[in-house]
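These are the residues of each chain, in order.
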Amino acid sequence: MFPLPPRHSPLASRPGRRSGMCDPAVSSFLTQTLCAHGGRLGLRELQENVGLSAQQLQDTLSAAGPRRFLLVEGGQEVLAVTDARVCVRKACDGCERLHLCKQHLMGRCHLGPSSCKYVHDIMNAENKKVLKNHDLSGLSETELQVLLLQNDAFFLPDTCHFYNKKGCHCTQQTNCNKLHVCQHFLKGRCRFPRCVISHDLLDDHALRVLETAGIDRKIALNFQAICDYKHMEFNREPGVYVYRYRNDNWKNLEVRRTKEVKATLKTAPCKQDVPPSEGPSSTGPAQSQDQLPAGVGGKDKGPSSTGPAQSQDQLPAGVGGKDKGKKNSSSDEASKDDKKDNCDEICLFYVWKYCKNKDRCKSVHYHLPYKWEVHDGLNWKELSMMEEIEKAYCDPKNSSLPSKNINFQTMTCSSSLVRRLSTPSSVTKPTFLLTTQWIWYWKNDQDKWIEYGEPEEGNSTTSPSSAIIENLYQADPCAIVPFQAGQHQYELNFKEMIQTNIHFKTRRQVCRRPKFVSSEDVQKIKTGSQRDSSIPNQTCPSHWDASALPDFGYKAVVISNTTSEYNEIKQLFHQTMKNYSIIKIQRIQNPSLWKVFQWQKEKMKRENGGKEVQEKRLFHGADTAFMETICSQNFDWRICGSNGTNYGKGSYFARDACYSHSYCQTTLLGHSMFVARVLVGDYVKGNAAYVRPPMKCAAKLWLYDSCVDDESNPAVFVVFEKHQIYPEYIIEYKKESIREQKETGIGGQKETGKGQQKDTGTRGTRQEERKCVIS
């Protein structure tokens, strides 16, 4: 993954003009993903969430430009940006802005939709049109709230009139309940690059005012970064930097500017975008007082604090000044070391065999899927006896390792910080080897740790498996997840790591530890000696195009309308969609997903006593923004969302294409719908509380394979395990006009000739095979 090249004056274009040529659907999906994670994500995290390659993501962000996606932290993090704004008028006859109740969007309106004079419905026809114009159609109310809060100054508290007009003097000083910030800066129109009025939303007074108004520090940080960038671009002329001063007190500006640099330097989009006379002399971002040491703050790390950042005025003699423009020979190496220190993920490609990115890789290169390090005050250093530490940590009984003075609860070694690096979670990379398999445990009355999904001694009731809980955790590490075990209802709080019985209010400790893998195990996996010989031949289907079989990812192959394969899918589709014509059908060829699907099929067959597993072909109506992700990473309710949870929290499938059609997004070309293979197996009627299928045999701890809406005549299927699905085809289709229907005979006599007569004997089977996936 590479940093994006700087773009010149993208904000100087007209407000109505789009930047670049980025696909609107892809931009919408990226924005939705960013807003679902607080409006900002690291490049690598964003790449993992959207399923694009590093180059694809780079090209997409570059094409969209900083009017849509702003790179900060030296190009390592992405912020969601938009020109969409909420109308500020009390009465408006119609404009190009959103019309919404400000207080409702912030969760503070005490009036209902019928009593409030402002609009509460984000998805009314007028707002939908505005969102579509800004390529934001796929955003939920919560995601739109995040996006607007970090972009639209309308949601900020009022700026202080006296502070802005009276030379930064307000009689109430810190007791003032309004922002002491330049009002023009917040709107991106401050004409003074070195403005004497504060541009800092992150000082104590501003943060207090913002938090009182319902805006937290994270949103403030994002808003600050966006405003800083807009301010810089607003005052930039091609090739020339002109500095204007608001009054004669310019001699005092350097002190103020030094303070502003401390607060905003870490959010600069990249070093090249900073005007030469204002850019910092250091190569890395400054560290604020409340930042943790490099690399600290991840899921496996303990708390810490460091000293304040060092401004240029505090640098030793000889640094900065005349030497400011000279390149420090050690800066590149130091920058690389800093990036490695800030990363807590081990590269899967390197631990498996080879990483083509070499030193450019943003992940840590190590020969094991885990690495323990201790902070010596300056850098992270590798700990000795790595396997001993890892083995102790994997056992939930151990809260520490006395022989090494390591405390796993505080993540310290004596008085020094300790951290654990690891490969990505196995549930996020199901087709990769040497990922980290996380096991979830709860503590019973005897202080014994019981793995989720396993029965407690003397009790046949089981809870959701570790894999299901890990999936939920990866979707939202701060969520409170309800689940059912036997007759009892529980809540699992990921943030507090506590399980609560909803009826009895019994609370139990929960912990998450990795499955131990020794260096010997790693070598066995790499040499293939642990390959499961019971897995059938995992070669791809014989009818696949052998010239389109990628090592990673997928290829979409258009199939000819003269083949039996095409006609089979066409007939399934037209059983309930007679008034629509197919434009084309593409076969999804993803060897990795196919192998996992076949492995799951064989596993279910063994668990079923050797009997064949019921497999159905289903349709899936999805937003076009998710289609590439599904083709690459499979259906995943955590990313693609879920239209209802009446029958459980999983991926929803439907029997009839007409049912899935209602979930398809309309484009200029028509509609797109998936056809998927689904291992429905044995099913039972679902329940909204299910996070996995219920048990079908308590004695043998067997679970059903899926849930349905009606056991006797199922039309909707819910699958909780993504490996039970393979996205096989994408059908592109459109509505037939009346003239076309007459010409083609859709629904008429031409469809009732030989082909249909020949199919009569198998019609019942075909109806059973019809399937639909609902996102």
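Every value quoted in this text rests on a predicted model; they were computed, and no experiment measured them.

Draft legend 1. The arrangement of the overall build of the chain in detail. Looking only at helices and strands, one finds 24 helices and 29 strands in the chain. Per-residue burial for the chain yields a buried fraction of 47% across its 775 residues. Long-range contacts, defined as pairs at least 24 residues apart, comprise 67% of the intrachain contacts of the chain with a sequence gap of at least 6. Per element, the accessible surface of the chain, about 39,400 Å² overall, is 48% carbon and sulfur.

Draft legend 2. Spatial organisation of helix H18 (residues 591-607). When the terminal C-alpha atoms of H18 are compared, their 24 Å separation across 17 residues agrees well with the 24 Å that a helix rising 1.5 Å per residue should span. When we look at burial in H18, the residues that qualify are Pro-591, Leu-593, Trp-594, Val-596, Phe-597, Gln-598, Gln-600, Glu-602 and Met-604. Lining the buried residues of H18 we find strand E19 (580-589), strand E20 (615-621), helix H19 (624-633), strand E22 (671-679) and strand E28 (725-735).

Draft legend 3. Here's a closer look at the pattern of salt bridges. For the structure on display, the rule yields 21 salt bridges. Asp-395 is the partner of Lys-397 in a salt bridge, and the nearest nitrogen-oxygen pair spans 3.0 Å. Its relative accessible area of 23% is what places Asp-395 among the partly exposed residues. Its salt-bridge partner being Lys-584, residue Glu-732 comes within 3.9 Å of it at the nearest N-O pair. Here Lys-584 lies in strand E19 and Glu-732 lies in strand E28, a separation of 148 residues in the sequence. For Glu-732, a relative accessible area of 17% gives the class buried. Among the charged side chains, a salt-bridge network with shared partners connects Glu-568, Lys-601, Glu-615, Arg-617, Arg-677 and Glu-728.

Draft legend 4. Quick peek at the sheet that holds strand E8 (residues 400-401). As summarised here, the arrangement of the six strands in space is E7-E6-E11-E10-E9-E8, forming an open sheet in which the pairing is antiparallel. Each end of this open sheet is capped by a strand with a single partner; those strands are strand E7 (380-382) and E8. Where strand E10 (residues 412-413) lies against strand E11 (residues 416-422), two bridges are found, and the strand directions are antiparallel. When the bridges of E11 are listed, Cys-413 appears paired with Ser-416.

Draft legend 5. Structural context of the environment of Val-680. Structurally, Val-680 can be placed in the loop between E22 and strand E23 (683-685). On the basis of relative accessible area, Val-680 is assigned to the buried category, the value being 0%. Apart from residues lying up to four places away in sequence, Val-680 is in contact with Gln-614, Lys-616, Asp-705, Ser-706 and Phe-717.

Draft legend 6. View of the packing of helix H1 (residues 24-36) against helix H6 (residues 141-149). At a minimum axis distance of 9 Å, the contact between H1 and H6 shows a crossing angle of 85 degrees. It follows from the interaxial angle that H1 and H6 lie roughly perpendicular. Residues Thr-31, Gln-32, Cys-35 and Ala-36 of H1 form the contact with H6, whose own contacting residues are Glu-143, Val-146 and Leu-147. A per-class count over the contact of H1 with H6 returns four nonpolar, two polar and one charged.

Draft legend 7. A look at the sheet that holds strand E12 (residues 438-443). If you trace the six strands from one edge of the open sheet to the other, you get E13-E12-E17-E16-E15-E14, paired in antiparallel fashion. Single-partner strands in this sheet number two, and they are strand E13 (449-451) and strand E14 (480-485). Neighbour to neighbour, the strand axes of the sheet diverge by 30 degrees on average, direction disregarded. Where E14 lies against strand E15 (residues 488-493), six bridges are found, and the strand directions are antiparallel. Across the sheet, the residue bridging to Pro-482 is Glu-491, located in E15. Across the sheet, helix H14 (residues 386-394) is in contact with E12 and strand E17 (507-514); its angle to E17 comes to roughly 150 degrees. Contacting E12, E13, E14, E15 and E17, helix H15 (residues 466-475) runs over the sheet at an angle of about 105 degrees to E12.

Draft legend 8. The arrangement of the confidence of the model for the chain in detail. In the predicted model, the chain carries a mean pLDDT of 76, and 74% of its residues have values of at least 70. Here residues 529-538 is modelled with pLDDT under 50, and outside its nearest four sequence neighbours on either side it reaches 12 contacts, counting other chains as well.

Draft legend 9. Examining the environment of Cys-87 more closely. Looking at where Cys-87 falls in the secondary structure, it is placed in the loop between strand E3 (77-80) and helix H4 (102-105). On the basis of relative accessibility, which here comes to 8%, the residue Cys-87 falls in the buried class. For Cys-87 and Arg-97, which are 10 residues apart along the polypeptide, the C-alpha to C-alpha distance reads 5.3 Å. Every residue in contact with Cys-87, bar those within four places of it in the chain, is listed here: Cys-92, Cys-95, Arg-97, Leu-98, His-99 and Phe-154.

Draft legend 10. Main features of unusual backbone geometry. Positive phi is not limited to glycine here, since Ser-414 has a value of about 60 degrees. Structurally, Ser-414 can be placed in the loop between E10 and E11. Phi angles above zero are rare outside glycine, and Lys-505 is one such case at about 65 degrees. If you trace the backbone, Lys-505 turns up in the loop between strand E16 (498-501) and E17.

Draft legend 11. Inspection of the state of the cysteines at higher detail. According to the stated counting rule, one finds zero disulfides in the structure shown. Here Cys-95 stays free of any disulfide, with the sulfur of Cys-92 as its closest cysteine sulfur at 3.7 Å. Overall, Cys-95 belongs to the partly exposed group, its relative accessible area being 27%.

Draft legend 12. Representation of the side chain of Ser-28 in the model. Following the sequence through the fold, Ser-28 ends up in helix H1. With residues up to four places along the chain from it excluded, the contact list for Ser-28 reads Arg-68, Asp-135, Leu-136, Ser-137, Gly-138 and Leu-139.

Draft legend 13. Representation of the packing of H1 against helix H3 (residues 54-64). Put simply, H1 and H3 touch, their axes get as near as 11 Å, and they point 100 degrees apart. For the element pair H1 / H3, the angle class is roughly perpendicular. Residue-level contacts link Val-26, Ser-27 and Leu-30 of H1 to Leu-57, Thr-60, Leu-61 and Ala-64 of H3. For the contact of H1 with H3, a count of residues per class yields five nonpolar, two polar and no charged.

Draft legend 14. Highlighting the pairing of strand E21 (residues 651-654). Residue alternation in E21 divides its side chains into two sets, Ser-651 and Phe-653 and Tyr-652 and Ala-654, and both sets are buried. Pairing geometry for E21 and strand E27 (residues 716-719), over four bridges, is antiparallel. Bridge pairing links Phe-653 to Phe-717 in E27.

Draft legend 15. Layout of the packing of aromatic side chains. What the rule picks out here adds up to 23 aromatic pairs. With 6.3 Å between their ring centres and 50 degrees between their planes, Phe-597 and Tyr-726 make a pair best called tilted. On the criterion of sequence distance, the pair formed by Phe-597 in helix H18 and Tyr-726 in strand E28 is long-range, its members being 129 residues apart. Residue classification places Phe-597 among the buried residues on the basis of a relative accessible area of 1%. In this structure Tyr-726 comes out as buried when scored by relative accessible area, which is 0%. Members of the aromatic cluster, joined through ring pairs, are Trp-544, Trp-594, Phe-597 and Tyr-726. The lysine or arginine in question, Lys-102, covers the ring of Phe-154, its NZ or CZ lying 4.8 Å from the ring centre. Positioned above the aromatic ring of Trp-438 is the side chain of Arg-512, whose terminal nitrogen or guanidinium carbon lies 3.7 Å from the ring centre.

Draft legend 16. Structural view of the environment of Lys-735. Within the secondary structure, Lys-735 is located in strand E28. Along the chain, Lys-735 and Ser-581 lie 154 residues apart, while their C-alpha atoms are 6.4 Å from each other.

Each value, and the rule that gives it
- Residues numbered from 1 in each chain as written.
- Predicted model: local features only at pLDDT ≥ 70, side-chain atom pairs only at ≥ 80, totals over all residues.
- Heavy atoms only, no water.
- Helix = DSSP H or I, 4+ residues; strand = E, 2+ residues; numbered from the N terminus.
- Buried < 20%, exposed > 50% of the residue type's maximum accessible area, 1.4 Å probe, protein only.
- Contact = heavy atoms within 4.5 Å.
- Areas by Shrake-Rupley, 256 points an atom, 1.4 Å probe, with all protein chains shown as cover.
- Expected span 1.5 Å × (residues − 1).
- Salt bridge = Lys/Arg side-chain N within 4 Å of Asp/Glu carboxyl O.
- Pairing = 2+ DSSP bridges.
- Axes fitted to C-alpha atoms, helices over the stretch in contact; angles between N-to-C directions.
- Parallel < 35°, antiparallel > 145°, perpendicular 65-115°, else oblique.
- Nonpolar A, V, L, I, M, F, W, Y, C, P; charged D, E, K, R; others polar.
- pLDDT = per-residue confidence, 0-100.
- Disulfide = S-S within 2.5 Å.
- Phe/Tyr/Trp six-rings, centres within 6.5 Å; stacked < 30°, edge-to-face > 60°.
- Lys NZ or Arg CZ within 6 Å of the ring centre and 35° of its normal.

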